[in-house]
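So the chains spell out like this:
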Amino acid sequence: MRIDVLTLFPEVFETFIETSIVGRAKNRGLVEIIRTNIRDFTTDKHRSVDDKPFGGGPGMVMMCGPVFACVEHAEAMDSRPVHRILLTPQGQRLTQRHVRKLADLPRLLLVCGHYEGFDERIRLGLNAEEISIGDYVLSGGEPAAMVVIDAVVRLLPGALGDDESSVDESFSGDVLEYPQYTRPREFRGMVVPEVLLSGHHAEIEAWRKEQSLVRTRSRRPDLLKNEGPQNSET
Ligand code: 4G0
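Residues numbered from 1 in each chain as written. Predicted model: local features only at pLDDT ≥ 70, side-chain atom pairs only at ≥ 80, totals over all residues. Heavy atoms only, no water.

Before going further, it helps to spend a moment on the pattern of salt bridges. Within this structure, the stated rule accounts for 15 salt bridges. Of the charged contacts, one joins R2 and D4 as a salt bridge, the two residues approaching to 2.8 Å between their closest N and O atoms. As far as the burial class goes, R2 and D4 line up, both buried. Measuring nitrogen to oxygen at the nearest pair gives 3.8 Å for the salt bridge that ties R80 to E32. Of this pair, R80 sits in the loop between α3 (64–76) and β5 (83–93) while E32 sits in strand β2 (residues 32–37); the two residues are 48 residues apart in sequence, bridging distant segments of the chain. Judged by its relative accessible area of 31%, R80 falls in the partly exposed class. You can call E32 partly exposed: its relative accessible area is 40%. (Salt bridge = Lys/Arg side-chain N within 4 Å of Asp/Glu carboxyl O. Buried < 20%, exposed > 50% of the residue type's maximum accessible area, 1.4 Å probe, protein only. Helix = DSSP H or I, 4+ residues; strand = E, 2+ residues; numbered from the N terminus.)

Right under this line is the structure:
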């Protein structure tokens with residue numbers, strides 16, 4: 001998979017791209033992450049990427065010119081069909097189901113905005129999918145892009161090691177992950193539940209299933225109701 005990231009701050013992605021599962025996936029040749037600086041596609045002497053909103057009002061708006069030029073440049077670098085994504089608080093909320101669909105595509109292009117958002121013609125003209133990682137505002141789309149990249153890359157075949165491959169379960173199913181423990185058996189007076197030390201695999205499995213349900217009921221009842229916005233998609 002090829003992932004293009006269009007941003008005013010490409011350096012923000014440096015360690016993220018090199019580290020952990022994303023870094024390993026890159027080294028294994030499973031993903032190529034290419035950053036392009038939107039500011040390199042400005043045409044005025046001040047290298048402007050934003051301007052005041054028509055009609056007045058606070059803040060600045062990302063201009064069309066540099067964004068379109070940057071998208072066209074990045075897309076010309078590779079012939080695979082590209083899926084364009086805009087990270088915005090107005091987008092469709094990201095779910096694991098959606099992440100799985102994105103992980104099936106050959107090429108993603110993520111556009112990170114800043115300021116009070118994009119000129120509306122960026123939305124219309126790019127015909128991009130708008131994604132939000134949650135109902136809060138960030139000062140830029142970069143952290144949201146990293147969330148999308150991380151969630152997608154770990155699903156690429158071969159990205160996870162054998163010890164990691166079951167970690168997707170919390171949101172692949174419709175319940176939350178059960179409580180996990182590792183050494184030591186006692187820490188500051190808190191002990192590991194006896195059943196996990198028993199070696200009775202059927203009992204352990206039953207305990208985990210029950211704990212998953214208890215936890216989901218108390219923390220995320222919307223996942224069990226089959227009518228919550230999250231669960232209706234899974
Ligand atoms: C576009 C995404 C981009 C519009 C980006 C802000 C939160 C998210 C940005 C705005 C972002 C998210 C209208 C403030 C950049 N913040 N929740 N900031 N506006 O996914």
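This next bit is on the layout of surface pockets. Each pocket or cavity is described by its volume, and for the largest pocket that value is around 310 Å³. In terms of lining, the largest pocket is formed by 22 residues, of which the most central are L87, T88, P89, V137 and L138. Only β5 and β7 (129–132) provide two or more residues apiece to the lining of the largest pocket. Element by element, the count of residues in the lining of the largest pocket is highest for β5, at four residues. Taken together, the residues that form the lining of the largest pocket break down as ten nonpolar, ten polar and two charged. (1 Å grid on protein atoms, 1.4 Å probe; cavity = no way out; pocket = protein on both sides within 12 Å on 5 of 7 lines; lining within 4 Å. Points joined across faces, edges and corners; volume = space filled by probe spheres on them. Nonpolar A, V, L, I, M, F, W, Y, C, P; charged D, E, K, R; others polar.)

Another point: the sheet that holds β7. Within a beta sheet, neighbouring strands are joined by backbone hydrogen bonds and run either parallel or antiparallel to one another. Spatial strand order, β2-β1-β6-β5-β7: five strands in an open sheet with parallel pairing. Strand pairing shows two members of the sheet lacking a second neighbour, β2 and β7, which therefore form its edges. For this sheet, the mean angle separating the axes of adjacent strands, direction not counted, is 30°. Where β5 lies against β7, five bridges are found, and the strand directions are parallel. In the sheet register, L86 faces β7, and the bridge partner there is E130. Of the strands in this sheet, β1 (2–7), β2, β5, β6 (107–112) and β7 are in contact with helix α6 (residues 142–153), which crosses β6 at around 160°. (Pairing = 2+ DSSP bridges. Axes fitted to C-alpha atoms, helices over the stretch in contact; angles between N-to-C directions. Contact = heavy atoms within 4.5 Å.)

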